[in-house]
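# Observations on the three-dimensional arrangement
Now for the letters of each chain:
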Amino acid sequence: MTVAFARTTAATRWRLNRSIPLRFPTHHPQGLALIGDTIALSTVEVVEWPVRRPQLADGHDRTPGKGIGHLLLMDRDGNLRADIEIGDGTVYHPGGIDFDGESVWVPVAEYRPDSRAIIYRFDPSTAQVSPAFEIDDHISAVVRDRITGNLHGMSWDARAMYQWTPNGTTLARQANEDHLVAVQDANYVGWRKQICTGVASLPTSDGGRYELGSVVLRDLRDNRILHQIPFPYFSSAGHVMTRNPVALEVVNETLRLLAAPDDGDEGSGTELFVYEALMS
């Protein structure tokens, strides 16, 4: 995976291989993880949106809102296999997820920055969800290092980057030097590497907005950016593909990118897009 992605450039063309409508409630998708022939999709069902405050209250710039976190399991054709609720009270916003070969790691946070999160562990073989540890920050994505067993995570918009032991001891916290896009999802892809995907909403000359998408390879040892490309492909609702959940895989030496950028109530509903890199 690392070698295949490192061969891509800004000039790499990507072909849309499949567009799979997800014909079940998907709400606001957040993270993707590939578990063999099963796809895990984390998503947040917002019941009451957080409301901005004129000034900070209890250290927060908005109310917590209300919602329900979901971990959806489906097959490769987009058929729903299970809908598992995940979270606790005001902690209802799942983020980017990662499958380490045994467990799916799912961060669920309050829907506001500088808040708190619970890192959950989901066992696909038993369908059991258990809390692993809690963090005093909004954690938007997690990845597990297969070599050390430690977890790496990012805060709201990836402003800070963390490293924890599996029981939640904080080993490192540093500011993210990359200000290009806000990371939304991340996956482990090889020897102590992760691929992060995200979006930036930028102004256009006519007063509109443009979504810039990007895919980034990072070294988990020091968070260095090793390779980065734009991903200028858009969904039925006009969102850039890397807006929210993304996963990559290599199949028969072909690099694939799977994405589900649209919410269930916009455009044509949530679709799972499967792109393949056309390497020369």
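The model shown is predicted, which means the values in this text are computed figures rather than measured ones.

## Digging into the sheet that holds strand β1 (residues 13–21)
Backbone-to-backbone hydrogen bonds join strands into a sheet, with any given pair of strands oriented parallel or antiparallel. Strand order in the open sheet formed by four strands is β1-β23-β22-β21, and the pairing between neighbours is antiparallel. The open sheet is flanked by β1 and β21 (246–251), the only strands paired with a single partner. Here the average twist between neighbouring strands, direction ignored, is 25 degrees. In the sheet, β21 pairs with strand β22 (residues 254–259) via six bridges, with the strands oriented antiparallel. Paired with V251 across the strands is T254, a residue of β22.

## Re the layout of surface pockets
The space that makes up the largest pocket amounts to roughly 590 Å³. Looking at the largest pocket, it is lined by 23 residues, and the ones nearest its centre are H28, Y111, W156, D157 and Q184. Counting only elements with at least two residues in the lining of the largest pocket, the list comes to β2 (28–35), β8 (93–94), β13 (139–144) and β17 (182–190). Residue contributions to the lining of the largest pocket peak at three residues, all from β17. For the lining of the largest pocket, the per-class residue count stands at nine nonpolar, eight polar and six charged. Volume-wise, the second largest pocket comes out at about 170 Å³. Considering the residues around the second largest pocket, the lining is formed by 14 residues, among which L34, D98, F99, R146 and Y188 are closest to the centre. Going through the elements one at a time, β2, β9 (98–99), β17 and β21 are the ones with two or more residues in the lining of the second largest pocket. Considered class by class, the residues forming the lining of the second largest pocket number nine nonpolar, two polar and three charged.

## A short note on the sheet that holds strand β6 (residues 66–75)
Strand order across the open sheet formed by four strands is β2-β3-β6-β7, with antiparallel pairing between neighbours. Both outer strands of the open sheet, β2 and β7 (80–86), are each paired with one neighbouring strand and no more. Taking each pair of neighbouring strands and ignoring which way they run, the sheet shows an average axis angle of 20 degrees. Pairing analysis gives six bridges linking β6 to β7, with the strands arranged antiparallel. Considered in β7, the bridge of M74 is made with L80.

## What to know about the side chain of S42
When you line up the elements, S42 lands in strand β3 (residues 38–48). A distance of 2.7 Å separates a polar atom in the side chain of S42 from the backbone oxygen of G95. With near-sequence residues (within four places) excluded, S42 lies in contact with P29, Q30, G31, H70, L71, P94, G95 and I97.

The rules we used
- Residues numbered from 1 in each chain as written.
- Predicted model: local features only at pLDDT ≥ 70, side-chain atom pairs only at ≥ 80, totals over all residues.
- Heavy atoms only, no water.
- Pairing = 2+ DSSP bridges.
- Helix = DSSP H or I, 4+ residues; strand = E, 2+ residues; numbered from the N terminus.
- Axes fitted to C-alpha atoms, helices over the stretch in contact; angles between N-to-C directions.
- 1 Å grid on protein atoms, 1.4 Å probe; cavity = no way out; pocket = protein on both sides within 12 Å on 5 of 7 lines; lining within 4 Å.
- Points joined across faces, edges and corners; volume = space filled by probe spheres on them.
- Nonpolar A, V, L, I, M, F, W, Y, C, P; charged D, E, K, R; others polar.
- Polar contact = N/O pair within 3.5 Å; in protein donor to acceptor, adjacent residues only side chain to side chain.
- Contact = heavy atoms within 4.5 Å.

Function cannot be inferred from these measures alone, as they are strictly geometric.
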